[in-house]
Amino acid sequence: MSAARQSGTTDELGPEEPEPGGAELLAALLDGMDAALCAFDADGVVTHWNREAERVLGWSAAEAVGRRGFSGWAVRPADAGEVEGRLLSAMDAPGRQVHEFALVTKDGGRVLVRMQSAAVRGGDGKPAGVYCAFSEVHAQIDLERSIALSEALFENATWGVVLVDADLRPAVVNEHAARALGVGRTAVLGRPLADLLGQGVEELESALAHVLAEGAPPAPAELWVSVRAGDGQEDGFERRCWRSGFLRLASPLAEEPVPLGVGWLFQDVTEAKLTEQEASQLRFRSQQLHRAARAAAECEDPMEAATVQLDFALAGFADHALVDLLAGEEPVRLVRVAATPAGPPGPCLPVTMAGIPVRYPEGHPAPQCAERAGSVRASAGAASAERARAWASARQWPEDSVHALCAVLRSRGRTLGVVTFLRGAGRGQFERADAVYAESVAARVAASVDLGQGRGG
């Protein structure tokens, strides 16, 4: 036995010291392992025992090294023969053998371990012993579950899973997320998020940077983003709402948490959010119609009642409203009778035009609306600010107008005129649901206008 062995320095390592300092290096390597490790020579005597093995079973290296097999201390006597036979059989078997044993701890308890054993070959190639790495079965199962969960998330999850590195670029993407982003799984990797998303990418990157710096938020966040769409989308993008959860990923091998990136999980909740928004919008508009009817009922002047209806309708709907009454049908001539201010928002008030028709150009939406007795929508689209001002000015509308919706005023089977709703660049285009609301408002305005004309007659 070497002097180092006699001093007790290398009890964990075995009787031979390959070179000066080599035993200490080997001891450090073995003690630094996360797995419990022990080794037996060809006679079944314990030659190595690291700190993790001591932690699992309670036996120190000084107590373990030099014992023959596990009999009498680490296994029950009834199990000793079978355990020793299965371990030493690894010397004659190719590759690694995997076993599960119930071992005995120093305090008399029992722990189920999963052990991998393999032969140790001497310089002549013949078996010289066995080394064994083992861990508690529940710890091994926890590890396997973690690995299985990770694989399932990236293969079979019904929501998007993206691992984003510290540079905020996708490092791993599952199939669901790749479909949501509109590109292949490999095409996503390493690309800036701005290459994959349109509007909303700044908010997403801000959220990811916050998670890297501060940790996961306490609740999921709902992010609206624009993703590349298929055919049928005007600008090549479509808006989606993703309910997103974030997890900061840190290395388990570092003494201090080192951020590896962010785990981003999301579900597409666009349809539910749109339904929720539509229901909320419908409730608000119904309340506005109800409030407008009550306010109009208190007006003695029918024209005042008409403008009150429009004031309530404009809230959350449009920036301007114009009321033109029919002064002639062949060709259609319209006279302005009420309007909101051309500048900042204000109430709809009567205007004096002395019966002079508005000079609407051919093809203008308002005369078309009167001719068809149906709603007409128009928009400057994505035109520049200068072109949008010219577009609005040519149509006799306030210069900040970008989107228009004309609804016909009809009462008692007659067309009385047209009400025009206008939106600025800060609002979206009028949709079909907006036209339905505008028609409901127009019917109420028309009733008041008809009452006023009847009184005037």
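What counts and what doesn't
Residues numbered from 1 in each chain as written. Predicted model: local features only at pLDDT ≥ 70, side-chain atom pairs only at ≥ 80, totals over all residues. Heavy atoms only, no water. Helix = DSSP H or I, 4+ residues; strand = E, 2+ residues; numbered from the N terminus. Rg over C-alpha atoms; globule rule 2.2 N^0.38 Å. Contact = heavy atoms within 4.5 Å. Lys, Arg positive; Asp, Glu negative; His and termini not counted. Charge placed at Lys NZ, Arg CZ, Asp CG, Glu CD. Expected span 1.5 Å × (residues − 1). Polar contact = N/O pair within 3.5 Å; in protein donor to acceptor, adjacent residues only side chain to side chain. Pairing = 2+ DSSP bridges. Axes fitted to C-alpha atoms, helices over the stretch in contact; angles between N-to-C directions. Core = buried A, V, L, I, M, F, W, Y, C linked by side-chain atoms within 4.5 Å. Buried < 20%, exposed > 50% of the residue type's maximum accessible area, 1.4 Å probe, protein only. Phe/Tyr/Trp six-rings, centres within 6.5 Å; stacked < 30°, edge-to-face > 60°. Lys NZ or Arg CZ within 6 Å of the ring centre and 35° of its normal. Arc of directions from axis to C-beta. 1 Å grid on protein atoms, 1.4 Å probe; cavity = no way out; pocket = protein on both sides within 12 Å on 5 of 7 lines; lining within 4 Å. Points joined across faces, edges and corners; volume = space filled by probe spheres on them. Nonpolar A, V, L, I, M, F, W, Y, C, P; charged D, E, K, R; others polar.

Caption draft 1: Main features of the overall build of the protein. Secondary structure assignment for the protein yields 15 helices and 16 strands. Over its C-alpha trace the protein gives a radius of gyration of 40 Å, far above what one expects of a compact globule, namely 23 Å for 457 residues. Each principal axis of the C-alpha distribution contributes one length, and for the protein these read about 125 × 40 × 35 Å. Restricting to contacts in the protein with at least 6 residues of sequence separation, those with at least 24 account for 48%. For the protein, the separation between the mean place of its 44 positive charges and that of its 62 negative charges on side chains is 9 Å.

Caption draft 2: Broad picture of helix α12 (residues 302-314). Taking 1.5 Å as the rise per residue, α12 with 13 residues should run 18 Å; its terminal C-alpha atoms sit 19 Å apart, in good agreement. With a side-chain oxygen positioned 3.2 Å from the backbone nitrogen of methionine 303, the residue opening α12 is aspartate 301. Taken from the residues just after α12, glycine 316 is the one with a positive phi, measuring 70°.

Caption draft 3: Structural context of the sheet that holds strand β9 (residues 237-250). Taking strand neighbours across the sheet as the criterion, the five strands line up as β7-β6-β10-β9-β8 in an open arrangement whose pairing is antiparallel. Where the open sheet ends on each side, the last strands, each with one partner, are β7 (170-173) and β8 (221-228). For this sheet, the mean angle separating the axes of adjacent strands, direction not counted, is 35°. Note that strand β6 (residues 160-164) and strand β10 (residues 259-268) share five bridges and pair antiparallel. Bridged to valine 164 within β10 is valine 262.

Caption draft 4: Looking closely at the environment of serine 206. You can see serine 206 is positioned in helix α10 (residues 201-214). Taking the C-alpha atoms as reference points, serine 206 and glutamine 267, separated by 61 residues in sequence, lie 19 Å from one another.

Caption draft 5: A look at the nonpolar core. Trp49, Phe70 and Phe134 are the most contacted members of the largest nonpolar core, which has 30 residues in total. A total of four residues in this core trace back to one element, the largest contributor, which is helix α5 (residues 77-88). Setting aside residues up to four positions removed in sequence, phenylalanine 134 forms contacts with Ala35, Ala36, Leu37, Cys38, Ala53, Val56, Leu57, Val113, Arg114 and Met115. Grouped together as the second largest cluster of nonpolar side chains are 28 residues, Ala306, Ala318, Cys348 and Tyr437 included.

Caption draft 6: Molecular detail of the packing of aromatic side chains. Counting across every chain of the model gives twelve aromatic pairs. One aromatic cluster is present, built from ring pairs that chain together Phe40, Trp49, Trp59, Phe70, Trp73 and Phe134. Residue placement shows arginine 67 over the ring face of tryptophan 59; its charged tip is 5.6 Å from the ring centre. Here arginine 423 stacks its cationic end above the ring of phenylalanine 430, 4.0 Å away from the centre of that ring.

Caption draft 7: A look at helix α14 (residues 385-394). Among the residues of α14, Ala388, Trp391 and Ala392 are the ones counted as buried. Within α14, the buried residues cover an arc of 95° as seen down the axis, which keeps them to one side. In α14, the exposed positions that point more than 90 degrees away from the buried face belong to Glu386 and Arg387. Where the residues of α14 are buried, they touch β14 (376-379) and β15 (403-411). Phi for glutamine 396, located one or two positions after α14, is positive at around 65°.

Caption draft 8: The arrangement of empty space enclosed by the protein in detail. The full count for this structure, using the stated rule, is one cavity of 30 Å³ or more. Contributing to the lining of the largest cavity are Phe40, Gly44, Gly69, Phe70, Ala80, Val83, Glu84, Leu87 and Leu88. In terms of residue count, the dominant contributor to the lining of the largest cavity is α5 (five residues). By residue class, the composition of the lining of the largest cavity is six nonpolar, two polar and one charged.

Caption draft 9: Representation of the sheet that holds strand β12 (residues 332-339) in the model. With antiparallel pairing, the six strands of this open sheet are ordered in space as β13-β12-β11-β16-β15-β14. The two strands at the open ends of the sheet, each matched to only one other strand, are β13 (349-350) and β14. Across nine bridges, β15 lies against strand β16 (residues 414-423) in antiparallel orientation. Note that in β16 the partner of serine 411 across the bridge is arginine 414.

Caption draft 10: Main features of the layout of surface pockets. The space that makes up the second largest pocket amounts to roughly 370 Å³. Lining the second largest pocket are 14 residues; nearest its centre among them are Ala35, Phe134, Ser135, Gln140 and Leu143. Among the secondary structure elements, those contributing two or more residues to the lining of the second largest pocket are α3 (51-57), β4 (110-121), β5 (127-136) and α6 (137-156). In terms of residues, the lining of the second largest pocket owes the most to one element, β5, which gives four residues. Split by residue class, the lining of the second largest pocket holds six nonpolar, three polar and five charged.

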